[in-house]
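Below are the chains, spelled out letter by letter.
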Amino acid sequence: MAEETTLLQMPVEVSTWNDLLQGGFFFVDKTALLKNLFLMGNKLFLTRPRRMGKTLLCSMLQEWFTNGSKSFAGLAIDGMLQEEGGYPVINLSFFELGNNVDAADFESSLCKRVIAAYSHAGFNVSQVASITSFEDLAWRLDDLAIERGKPLVFLIDEWDYPLSINLHRPQVFAAFQKVLRDFYGWLRLQPRVRFILVTGIMRYRETSLFTGQNVTDISMEPDVANLLGYTQADITGKQFAPYINGAAKLLGMPPSAVLDKLELYYDGFCFDHDASVKVYCPFAVNSFFAPVVRGSKPVFRKYWMKSSDASAALISYLHNYQLSSQKIMELSNQELIMPYDNLSEGSYRFFVVSRGCRLRAPIWFT
């Protein structure tokens, strides 16, 4: 009798690289694609919907630049690139920053987060701990960097969250935008930088992050289109096979039927110009298979939609355009084809994902 395969726990809420590896979670090795990422430049911008793995990517890069390539021994990238590490890594998440509506409080909160990130990277921040104005803080941080001597690494996750949650508050949006313009103007012009990655779900043109050619937007580059998310080859490969077989047994249906429903529910995200590379939402797939590990029947649910908090941009759009419920139903059931060049004409973009709509690329709204 064949020996049963032990199923590893699915990393549903795991967003830290060390926790993922040391906790013995299920893991599809995407580290080989880091080579493509590094070849694209040292100041990069990447948009993806929430729950696609951006935070985990930032944590992975923090480990790479802090401890070097030796921390990735045995993984796909092992031997591809050498990195000694030892860089001060400023890892910042703007998630839940900006839930207040006062610009002064927002700027103060931003300063506290930046100061805490510098402290975590080993800087002595005692002289700047009480500063609440970013204009005052910026030049002090530059002095700290000069004293340290080593080029810095900046990893900014959910960069646009303070703006995205305030789309329905124009005055608050404008006030927060001004503060962020100062921050990203400073970041973009940092003179001694080893690497910068800024991630989020939207791109707002009215910030200084994209002024000039300093930051490269790689959101739709095919070389990293499958960096985050599972491909069809991943889903049908050896790693997922025992999970699919387990789900099929618990559901009383053939494995092929499970694969078909997985594709229907969770596939279809595209992040390249030609929409030729499709990926499954990792959070949704992991959530589906999590009960299988416990021997419980899995359920095909809309895990991404219920957890991604993707309503802010859509609500703002619908509020501005006043679409009737009938029109919304018509749009949701029709195929939409839009040339990539048309997607770049507007103020900000977000990812539209809905069953019945075949467009899975970033779309711009003015």
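Structure: see above.
Residues numbered from 1 in each chain as written. Predicted model: local features only at pLDDT ≥ 70, side-chain atom pairs only at ≥ 80, totals over all residues. Heavy atoms only, no water.

Novice: What am I meant to see in the side chain of K43 here?
Specialist: Mapping K43 onto the fold places it in strand β1 (residues 43-47). The side chain of K43 is buried and forms no salt bridge, while D142, the nearest opposite charge, is found at 11 Å. Of the polar contacts made by the side chain of K43, one reaches the backbone oxygen of R188; its length is 3.1 Å. Excluding residues that lie within four positions of it along the chain, K43 makes contacts with R188, Q190, I196, N214, V215 and T216. (Helix = DSSP H or I, 4+ residues; strand = E, 2+ residues; numbered from the N terminus. Buried < 20%, exposed > 50% of the residue type's maximum accessible area, 1.4 Å probe, protein only. Lys, Arg positive; Asp, Glu negative; His and termini not counted. Salt bridge = Lys/Arg side-chain N within 4 Å of Asp/Glu carboxyl O. Polar contact = N/O pair within 3.5 Å; in protein donor to acceptor, adjacent residues only side chain to side chain. Contact = heavy atoms within 4.5 Å.)

Novice: Just to check I follow, could you spell out the packing of aromatic side chains for this structure?
Specialist: The relation between two aromatic rings is expressed through the spacing of the ring centres and the mutual angle of the planes. Enumeration according to the criterion identifies 33 aromatic pairs in this entry. Arranged with centres 5.3 Å apart and planes meeting at 65°, the rings of F134 and F183 form a pair that is edge-to-face. Highlighted residues: F134 in helix α5 (residues 134-148) and F183 in helix α7 (residues 170-188), separated in sequence by 49 residues. Residues F134 and F183 agree in their burial class; the two are buried. Among the aromatic side chains, those forming a connected cluster through ring pairs are F26, Y230, F240, Y243, Y265, Y266, F288, F289, F300 and Y303. (Phe/Tyr/Trp six-rings, centres within 6.5 Å; stacked < 30°, edge-to-face > 60°.)

Novice: Just checking my understanding: could you explain the packing of helix α10 (residues 255-266) against helix α11 (residues 282-293) for this structure?
Specialist: Axes are the key here: two packed helices are described by the angle between their axes and the distance separating the axes. Where α10 contacts α11, the axes come no closer than 10 Å and their chain directions differ by 140°. When the axis of α10 is compared with that of α11, the two are oblique. Viewed along their axes, α10 and α11 form a crossing whose handedness is right-handed. Counting all contacts with α10, which are made through V258, L262 and Y266, the residues of α11 involved are A284, V285, F288 and F289. Its residues assigned to classes, the contact of α10 with α11 shows 7 nonpolar, no polar and no charged. (Axes fitted to C-alpha atoms, helices over the stretch in contact; angles between N-to-C directions. Parallel < 35°, antiparallel > 145°, perpendicular 65-115°, else oblique. Left-handed = near helix turned anticlockwise from the far one by under 90°. Nonpolar A, V, L, I, M, F, W, Y, C, P; charged D, E, K, R; others polar.)

Novice: How do you make sense of the sheet that holds strand β3 (residues 152-157) when you look at a structure like this?
Specialist: Sheet strands associate in pairs through backbone hydrogen bonding, adopting either a parallel or an antiparallel arrangement. Taken together, the 5 strands give an open sheet; going across it, the order is β2-β3-β4-β1-β5, and neighbouring strands pair in parallel fashion. The sheet is open, and its two edges are formed by β2 (89-93) and β5 (216-217), each paired on a single side. Inspection of the sheet shows β2 paired to β3 by 5 bridges, in the parallel sense. Across the sheet, L92 pairs through a bridge with I156, a residue of β3. Along the sheet, α7 contacts β1, β2, β3 and β4 (193-200); its crossing angle with β3, the most-contacted strand, is approximately 145°. (Pairing = 2+ DSSP bridges.)

Novice: Help me understand the pairing of β3 in this model?
Specialist: Each regular strand displays side chains that alternate between the two surfaces of the sheet. With respect to burial, β3 is a largely interior element, 6 of its 6 residues being buried. Here β3 shows a buried face lined by L152, F154 and I156 and a second buried face lined by V153, L155 and D157. Strand direction decides the pairing type here: β3 and β4, joined by 5 bridges, are parallel. Directly across from V153, in β4, lies its bridge partner F195.

Novice: Explain α5 to me, please; I cannot follow it from the model alone.
Specialist: Residues lying three or four places apart along an α-helix face the same way, a consequence of the helix completing one turn every 3.6 residues. Given a rise of 1.5 Å per residue, 15 residues ought to cover 21 Å, and the 21 Å separating the end C-alpha atoms of α5 matches this to within 8%. For α5, the set of buried residues is F134, L137, A138, L141, L144 and A145. End-on, the buried residues of α5 take up no more than an arc of 125°, which puts them together on one face. Structural note: α5 exposes E135, I146 and E147 on the side pointing more than 90 degrees away from its buried face. In this fold, the buried residues of α5 make contact with α4 (103-120), β3 and α7. Count one or two residues on from α5 and you reach G149, which has phi positive near 85°. (Expected span 1.5 Å × (residues − 1). Arc of directions from axis to C-beta.)

Novice: I tried to follow the pattern of salt bridges on my own but got confused; where do I start?
Specialist: Applying the stated criterion across every chain, the model contains 5 salt bridges. Ionic pairing is found between E13 and R51, a salt bridge with its closest N-O pair at 3.3 Å. Residue E13 is located in the segment before α1 (17-22), and its partner R51 is located in the loop between β1 and α3 (54-67); the two are separated by 38 residues in the primary sequence. Among the residues examined, E13 registers a relative accessible area of 56% and is labelled exposed. In this structure, E158 engages R50 in a salt bridge whose closest nitrogen and oxygen atoms are separated by 3.3 Å. Here the residue E158 occupies a position in the loop between β3 and α6 (161-164), and R50 occupies one in the loop between β1 and α3, the gap between them amounting to 108 residues. The buried category is assigned to E158, whose relative accessible area is 7%.

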